[in-house]
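Given next are the chains, with one letter for each unit.
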Amino acid sequence: MSTLSDIPVPPIRLMLVDDHEIVREGLRTLLEQEEDLEVVGEAEDGESAVRMAAERHPDVVLMDVMMPGMGGIEATRRLLALPVPPRVLMLTSLADEAAIREAVASGAMGYLMKDVSRAELVRAVRDAARDRPTLHPEAQRILMRRPEKTPLDDLTPRERSVLDLVAEGKSNRQIAN
């Protein structure tokens with residue numbers, strides 16, 4: 001009699017997208033040591049990633065943000081428009097609030113910095129395959145920090161009302177009244 005644990009589980013099919021060959025080689029070496037992970041493709045830019053993903057149907061794509069040509073955020077949008085979209089996990093050295101917000105808005109399952117440990121990366125890949133998002137602690141800090149002060153914060157209530165009237169196109173005479 002067989003049990004549920006006897007049924008083989010297919011490996012998580014991965015695609016690696018980074019413009020640096022040495023990074024892709026290192027990731028492949030690390031990830032293929034895991035029995036449940038299989039690298040099915042590598043691409044050096046977003047355009048090749050989209051073409052390759054359409055052919056090879058990876059479950060998860062590890063995607064860099066900054067690449068020549070089509071970057072990772074646009075590639076993520078296009079990957080998620082495929083008939084069988086993969087889950088996209090951003091893996092980058094860019095700790096920029098705009099990039100993090102854009103990546104999440106484009107549909108990325110997670111945002112990791114390249115300083116993650118092997119165990120954290122493997123866990124994030126497995127989580128992405130199961131539709132569980134992952135956000136690097138630095139990305140969390142960036143998104144959670146309070147917005148910086150703007151010059152408008154120092155205006156008095158009267159100055160704000162004058163500025164509102166200027167924005168409405170009122171003349172100086174109308175504002176004075």
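Note that the structure is predicted; figures quoted are calculated from it, not measured.

Calculation notes
- Residues numbered from 1 in each chain as written.
- Predicted model: local features only at pLDDT ≥ 70, side-chain atom pairs only at ≥ 80, totals over all residues.
- Heavy atoms only, no water.
- Buried < 20%, exposed > 50% of the residue type's maximum accessible area, 1.4 Å probe, protein only.
- Helix = DSSP H or I, 4+ residues; strand = E, 2+ residues; numbered from the N terminus.
- Pairing = 2+ DSSP bridges.
- Right-handed = clockwise from strand over helix to strand, strands pointing away.
- Contact = heavy atoms within 4.5 Å.

Enquirer: Can you help me understand the pairing of strand β4 (residues 87-92) in this one?
Expert: In regular strands, side chains alternate between the two faces of the sheet. Burial analysis of β4 places five of its six residues in the buried class, which makes it a mostly covered element. Bridge count for strand β3 (residues 60-63) against β4 is four bridges, and the pairing is parallel. Paired with Val 61 across the strands is Val 88, a residue of β4. Viewed along the sheet, the connection from β3 through helix α3 (residues 72-79) into β4 turns out right-handed. Two elements, β4 and strand β5 (residues 110-113), share four bridges in a ladder whose sense is parallel. What sits directly across from Leu 91, in β5, is Leu 112. Following the backbone out of β4, through helix α4 (residues 97-106) and into the adjacent parallel β5, one traces a crossover that is right-handed.

Enquirer: Got a minute to help me understand the side chain of Glu 34 in this structure?
Expert: With respect to the helices, strands and loops of the structure, Glu 34 is situated in the loop between α1 (21-31) and β2 (37-43). In this structure, Glu 34 is in contact with Arg 118, Val 122 and Arg 126, ignoring residues within four places of it in sequence.

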